[in-house]
Amino acid sequence: MGKGLAEQRRLSEALRAIPLVMLKIKLEPDTAQKFAALAAEYDTTVSALMRIALHRFLETPGRDKHPMLREADGARNLRRWLLQR
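Residues numbered from 1 in each chain as written. Predicted model: local features only at pLDDT ≥ 70, side-chain atom pairs only at ≥ 80, totals over all residues. Heavy atoms only, no water.

Participant: Give me the lowdown on helix α3 (residues 46-59), citing residues and values where you can.
Facilitator: The end-to-end C-alpha distance of α3 is 20 Å, a good match for the 20 Å that 14 residues give at a rise of 1.5 Å each. Along α3, the residues that are buried comprise A48, L49 and M50. The inward-facing, buried residues of α3 abut α2 (29-41). (Helix = DSSP H or I, 4+ residues; strand = E, 2+ residues; numbered from the N terminus. Expected span 1.5 Å × (residues − 1). Buried < 20%, exposed > 50% of the residue type's maximum accessible area, 1.4 Å probe, protein only. Contact = heavy atoms within 4.5 Å.)

Participant: Can you lay out unusual backbone geometry for me, pointing to particular residues and giving the numbers?
Facilitator: Of note in this structure, D43 is not a glycine but carries a positive phi near 55 degrees. Residue position: D43 is located in the loop between α2 and α3. You can call D43 exposed: its relative accessible area is 72%.

Participant: Can you break down the pattern of salt bridges residue by residue, with the values?
Facilitator: In total, this model carries one salt bridge according to the counting rule given. Across the salt bridge formed by E7 and R10, the nearest N and O atoms sit 2.7 Å from each other. Of this pair, E7 and R10 both sit in helix α1 (residues 3-17), three residues apart, which is roughly one turn of that helix. E7 gets classed as partly exposed once you look at its relative accessible area, which sits at 40%. (Salt bridge = Lys/Arg side-chain N within 4 Å of Asp/Glu carboxyl O.)

Participant: Kindly report on a nonpolar patch on the surface, identifying the contributing residues and their values.
Facilitator: A cluster of nonpolar side chains, V21, L23, I25, L54, F57 and L58, forms an exposed patch at the surface whose accessible area comes to about 560 Å². Its location among the elements puts I25 in the loop between α1 and α2. (Patch = residues over 30% accessible without salt bridge, like charges linked within 9 Å, V, L, I, M, F, W, Y side chains within 5 Å. Areas by Shrake-Rupley, 256 points an atom, 1.4 Å probe, with all protein chains shown as cover.)

Participant: Mind laying out the confidence of the model for the protein, listing which residues take part and the relevant values?
Facilitator: Averaged over every residue, the pLDDT of the protein is 78; residues scoring 70 or more account for 69%. Of all secondary-structure elements in the protein, the lowest mean pLDDT belongs to helix α4 (residues 67-84), at 66, while α2 reaches the highest, 94. (pLDDT = per-residue confidence, 0-100.)

Participant: Before we move on, could you go through the environment of T44 and cite the residues and values that matter?
Facilitator: Inspection of the secondary structure puts T44 in the loop between α2 and α3. Owing to a relative accessible area of 35%, T44 belongs among the partly exposed residues under this scheme. Among all residues touching T44, those that are not within four sequence positions of it are A39 and L49.

Participant: Before we move on, could you go through the packing of α2 against α3 and cite the residues and values that matter?
Facilitator: Interhelical geometry of α2 versus α3 gives an angle of 105 degrees and a closest axis separation of 9 Å. With respect to each other, α2 and α3 are oriented roughly perpendicular. Contacts between α2 and α3 involve F35, A36, L38 and A39 from the former and V46, L49 and M50 from the latter. Broken down by class, the residue content of the contact of α2 with α3 amounts to seven nonpolar, no polar and no charged. (Axes fitted to C-alpha atoms, helices over the stretch in contact; angles between N-to-C directions. Parallel < 35°, antiparallel > 145°, perpendicular 65-115°, else oblique. Nonpolar A, V, L, I, M, F, W, Y, C, P; charged D, E, K, R; others polar.)

Encoded structure:
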């Protein structure tokens, strides 16, 4: 088994160990209507679309990321780099 595959499996196992947390996000009425229309168009739920949107927001690379998230990623990457030495 390759090093990358082993690392991916380890990460997947760690992510599955994280408990699911339900969040209540209050949308503005026009945003809620847009999400409802989009959900109907793609035969899914607003909740599923919100999960995708939140995931993409948190995983956005580079300068499009919120400064607090960029700083957290920078610290996390620095920690990984230091631990590999």
